Amino acid sequence: MATLLKPERHFRILELLRTTGKILSSELAVTFDVSEDTIRRDLDELGAEGKLKRVHGGALVVSTLRQDYRDRRGQEASAKSLVARAAASLLQDGQVILIDGGTTAIEVTKQLDPQLRATFVTHSPSTAVNLAEHPHCEVVVVGGRLLKNAMVTVGAQTLKTYESINADVAILGILGINVDSGVTHFEYEEAQIKRAMIEGAHRSIVLCTSDKLGYSGAFQVAPLSAITTLAVEPGLDPALLRQYRDSGVECISVDDIEQGGQASAATTDRAQ
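Residues numbered from 1 in each chain as written. Predicted model: local features only at pLDDT ≥ 70, side-chain atom pairs only at ≥ 80, totals over all residues. Heavy atoms only, no water.

Help me understand the overall build of the chain in this model?
Tallying secondary structure elements over the chain gives 11 helices and 15 strands in all. Split into buried and exposed, the 272 residues of the chain put 50% on the buried side. Sequence separation of at least 24 residues holds for 62% of the intrachain contacts in the chain that already meet a minimum separation of 6. Accessible surface, the chain: about 12,500 Å² in total, of which carbon and sulfur atoms supply 49%. (Helix = DSSP H or I, 4+ residues; strand = E, 2+ residues; numbered from the N terminus. Buried < 20%, exposed > 50% of the residue type's maximum accessible area, 1.4 Å probe, protein only. Contact = heavy atoms within 4.5 Å. Areas by Shrake-Rupley, 256 points an atom, 1.4 Å probe, with all protein chains shown as cover.)

Here it is as structure tokens:
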């Protein structure tokens, strides 16, 4: 490989990180034919800019989901809208749909077909308020202790309610997803609730903007094998999605909808 200038090296490092979810300084030094000290400086600079999470020996993908709900509302608005449109297009009349809290889930409520007739169950007061505007959808609100930073309820009551429902679809926001860890979250109680939603539905639709791909949080929600569908942004590098498709997960964007096809139809009706 020809010697790269620092900006070129930084670009390639971030590309690799988006694809793999984690990178090692020693491997990057070999890849770019530079010293490990040079790579460590590169990673330190990118970490200081907030473009990656610096860890001993390498780096991880950075995620914005640790921020409060209020801080996330304006972030990646266009990407969230496109992901939400893809997810909303999969919903059908007569379904019972479990839907998460979070900014992308709320965007799904704004993208629903005005003629959709379905029942939504949510532990998010914010999601419920938005669903209340829909003319033909019933809304069931799950109680519990309110996590103010996330604007969702958690605890035994929330968990018990979801465990008692046999739903058609679960729609979830996530902290991150990768092949090794599956779907993960940074908050233990929220991870439990999301797991119960997946287990209580025949189909799970994970809302996944590109910054969540490859990232791994502290608490596993579910292994990749439990996930049916990733609703993603259009135009992503196929290499970012190949490992998920190879694992049997459907990856779908608004481009797939508009073209009349789906990325991996064989997994569409997989039951949990």
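There is more to say, and it comes next.
Looking at this structure, I do not really get the sheet that holds strand 13 (residues 219-222). What am I missing?
Strand pairing within a sheet occurs via backbone hydrogen bonds; the two strands may be parallel or antiparallel. Sheet architecture is open: 3 strands sit in the order 10-11-13, paired in antiparallel fashion. The strands lining the two open edges of the sheet, one partner per strand, are strand 10 (176-178) and strand 13. Direction aside, the axes of adjacent strands within the sheet are offset by 40° on average. Bridging between strand 10 and strand 11 (residues 182-185) involves 3 bridges; their strand directions are antiparallel. Paired with Asn 178 across the bridge in strand 11 is Gly 182. Lying over the sheet, helix 9 (residues 188-199) contacts strand 11 and strand 13, oriented at roughly 10° with respect to strand 13. (Pairing = 2+ DSSP bridges. Axes fitted to C-alpha atoms, helices over the stretch in contact; angles between N-to-C directions.)

Honestly, the confidence of the model for the chain in this entry has me stumped. Any pointers?
In low-pLDDT regions, the fine details of the predicted coordinates are not to be read closely. This prediction gives the chain a mean pLDDT of 87; 88% of its residues lie at or above 70. When the criterion is pLDDT under 50, residues 64-75 qualifies, and its contacts beyond four places in sequence or with other chains add up to 29 contacts. Segment residues 261-272: pLDDT under 50, and 34 contacts once partners within four positions in sequence are set aside and those in other chains are kept. (pLDDT = per-residue confidence, 0-100.)

It is not clear to me how the nonpolar core should be interpreted in this structure. Could you clarify?
Soluble globular proteins tend to bury their nonpolar side chains together. Ranked by size, the top nonpolar core spans 36 residues in total, and within it Tyr 162, Ile 177, Leu 213, Leu 230 and Tyr 244 carry the most contacts. Those elements that place two or more of their residues in this core are strand 8 (152-154), strand 9 (167-173), helix 9, strand 12 (201-208), strand 13, strand 14 (229-232) and helix 10 (238-246). Element by element, the count of residues in this core is highest for helix 9, at 5 residues. Leave out the neighbours within four places in its chain, and Ile 177 touches Gly 182, Val 183, Cys 208, Lys 212, Leu 213, Gly 214, Tyr 215, Leu 224, Leu 230 and Tyr 244. (Core = buried A, V, L, I, M, F, W, Y, C linked by side-chain atoms within 4.5 Å.)

Explain the pattern of salt bridges to me, please; I cannot follow it from the model alone.
Charged atoms that come close allow side chains of opposite charge to pair. This structure, assessed with the given rule, holds 9 salt bridges. For Asp 37, the salt bridge identified is with Arg 40, shortest N-O distance 2.3 Å. Linking Asp 37 with Arg 40, this pair stays in helix 3 (residues 36-48), spanning 3 residues, or about one helical turn. Three or more residues are tied together by salt bridges with common partners; here these are Glu 36, Asp 37 and Arg 40. (Salt bridge = Lys/Arg side-chain N within 4 Å of Asp/Glu carboxyl O.)

Please explain helix 2 (residues 25-32) as it appears in this structure.
Side chains of residues three or four places apart in an α-helix project in the same direction, reflecting 3.6 residues per turn. Every buried residue of helix 2 is accounted for by Ser 25, Leu 28, Ala 29 and Phe 32. For helix 2, the angular spread of buried residues about the axis comes to 105°, placing them on one side. In the stretch just after helix 2, Asp 33 is the one whose phi turns positive, near 55°. (Arc of directions from axis to C-beta.)

Teacher, can you tell me more about the packing of helix 8 (residues 156-163) against helix 9 here?
When two helices pack together, their arrangement is given by the angle between their axes and by how far apart the axes lie. Relative orientation of the contacting elements helix 8 and helix 9 amounts to 10°, with a least axis distance of 9 Å. As summarised for this structure, helix 8 and helix 9 are arranged roughly parallel, according to the angle between their axes. For the pair formed by helix 8 and helix 9, the contact residues are Thr 158, Leu 159, Tyr 162 and Glu 163 on the first element and Gln 192, Ile 193, Ala 196 and Met 197 on the second. (Parallel < 35°, antiparallel > 145°, perpendicular 65-115°, else oblique.)

Explanation requested: unusual backbone geometry in the structure shown.
For residues that are not glycine, phi is negative in most cases, and the peptide bond is trans in most cases. Located in the positive-phi region is Asp 33, a residue other than glycine, with phi close to 55°. Locating Asp 33 in the fold gives a position in the loop between helix 2 and helix 3. Relative accessible area serves as the criterion here: at 64%, Asp 33 is assigned to the exposed category. Even without a glycine there, the phi angle at Met 151 is positive, about 55°. Mapping Met 151 onto the fold places it in the loop between strand 7 (145-147) and strand 8.

In this structure, what is going on with the sheet that holds strand 1 (residues 22-24)? I would like to understand it.
On the basis of which strands lie adjacent, the open sheet formed by 3 strands has the order 1-3-2 and antiparallel pairing. Each having just a single partner strand, strand 1 and strand 2 (53-55) make up the two edges of the open sheet. Put simply, the sheet's adjacent strands are angled 20° from each other on average, direction ignored. Note: strand 2 against strand 3 (residues 58-60), 3 bridges, orientation antiparallel. Directly across from Arg 54, in strand 3, lies its bridge partner Ala 59. Against the sheet, helix 3 makes contact with strand 1, strand 2 and strand 3, and its axis sits at roughly 140° relative to strand 2, the strand it touches most.

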